[in-house]
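# Observations on the three-dimensional arrangement
Residue strings, one per chain:
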Amino acid sequence: MSENKVLADLVLSDSTVHGTVSAPIDQVDLADWLGNLSDEEYQRCAPGEHKACAQGITDDGRRETLNVEMIGTTLTIQHAVHDIFEKHHLRLVSLSDALTPNGWTTSQGIWELRVTDNGDGTCRLSNSILAHPTTEGMDFYEANGITFEQAAAARQEASDAHNHRETPNYADSITRRALAARGK
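The text that follows walks through the structure, step by step, so that each part is easy to find. (Residues numbered from 1 in each chain as written. Predicted model: local features only at pLDDT ≥ 70, side-chain atom pairs only at ≥ 80, totals over all residues. Heavy atoms only, no water.)

Time to look at helix α3 (residues 135–143). Along α3, the residues classified as buried are G137, F140 and Y141. Along the axis of α3, the buried residues cluster in a sector spanning 100°; they form a single face. Of the residues in α3, the exposed ones pointing more than 90 degrees away from the buried face are E142 and A143. Where α3 is buried, its residues meet β5 (89–100), β6 (103–117) and α4 (148–182). Residue G145 follows α3 closely and has a positive phi angle near 65°. (Buried < 20%, exposed > 50% of the residue type's maximum accessible area, 1.4 Å probe, protein only. Helix = DSSP H or I, 4+ residues; strand = E, 2+ residues; numbered from the N terminus. Arc of directions from axis to C-beta. Contact = heavy atoms within 4.5 Å.)

A separate point is the pairing of strand β3 (residues 63–71). As judged from the seven bridges shared by strand β2 (residues 50–57) and β3, these two strands associate in the antiparallel manner. Across the sheet, residue H50 finds its bridge partner in β3, namely E69. With antiparallel pairing between neighbouring strands as the criterion, β2 and β3 make up a hairpin whose turn holds five residues, including G61 at a positive phi of roughly 90°. Hairpin connection of β3 to strand β4 (residues 74–85): two residues between the antiparallel strands, including G72 at a positive phi of 65°. (Pairing = 2+ DSSP bridges.)

Here we have seven strands laid out as an open sheet, ordered β1-β7-β6-β5-β4-β3-β2, and antiparallel in their pairing. Of all strands in the sheet, those bounded by a partner on one side alone are β1 (13–21) and β2. Direction aside, neighbouring strands of the sheet carry axes that sit 20° apart on average. As defined by bridge partners, β1 adjoins strand β7 (residues 123–133) across nine bridges and the pair is classed as antiparallel. Looking across to β7, one finds that V17 is bridged to N127. The sheet strands contacting α3 are β5, β6 and β7, and the helix crosses β6 at an angle near 125°. In this fold α4 packs onto β1, β2, β3, β6 and β7, with an angle of close to 15° to the strand it touches most, β1. (Axes fitted to C-alpha atoms, helices over the stretch in contact; angles between N-to-C directions.)

Next up on the list: the pattern of salt bridges. Taken as a whole and judged by the stated rule, the model has eight salt bridges. R62 is the salt-bridge partner of D60, the closest N and O atoms lying 3.0 Å from each other. One salt bridge in this structure joins R91 and D83, with 2.5 Å as the shortest N-O distance. Of the residues examined, R91 reaches a relative accessible area of 23% and is grouped as partly exposed. A relative accessible area of 47% means that D83 is categorised as partly exposed. Through salt bridges with shared partners, one network takes in D83, R91, E112 and R114. (Salt bridge = Lys/Arg side-chain N within 4 Å of Asp/Glu carboxyl O.)

The next thing to look at is the pairing of β6. By the criterion of burial, β6 is predominantly enclosed, with eleven of the 15 residues buried. As paired strands, β5 and β6 are joined by twelve bridges and run antiparallel to one another. Following the sheet pairing, H89 is matched in β6 by R114. What sits between the antiparallel neighbours β5 and β6 is a turn of two residues. Count of turn residues in the β6/β7 antiparallel hairpin: five residues, of which G119 carries a positive phi of about 80°.

To continue, consider the environment of V11. Take V11: it is sitting in the segment before β1. In sequence terms V11 and D29 are 18 residues apart; their C-alpha atoms lie 30 Å from each other.

Structure below.
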């Protein structure tokens, strides 16, 4: 069996959605928010679509976040390794398992959150999701008579719609965490 490789030169989907965090930048800590995100709070950020989340450690000691969510008709399990885990910037990279109506496959997901100061006591949240196919995924598309262009169009539509639903709820969740931390 050949190694499953990420095809970083191809894009399955690319979506960025913005929201407003109603707290000052100095009170917002994305790493604290995600590192302490409960399973229930994650589910509230995309009701019916976010199924579970947990924090873990890879075999080589890196922190990771595990997310289970429905993106369109695909159940996606993200093993998101913390690449950048800072107060105002998160970047998590995952080799994700996906259960589609045609069976299991994989893709790479890159989830990036950033906050920037609006100068008025609020912050702009940018929620970006970028997905690349894998060699296993390309074989899966071919075996199921799906062109890469068809797969990418479907993934783009589903991912962007999901991102538009979760981003305002992420902003609200980050706001609640920031304001609760201020009260401590």
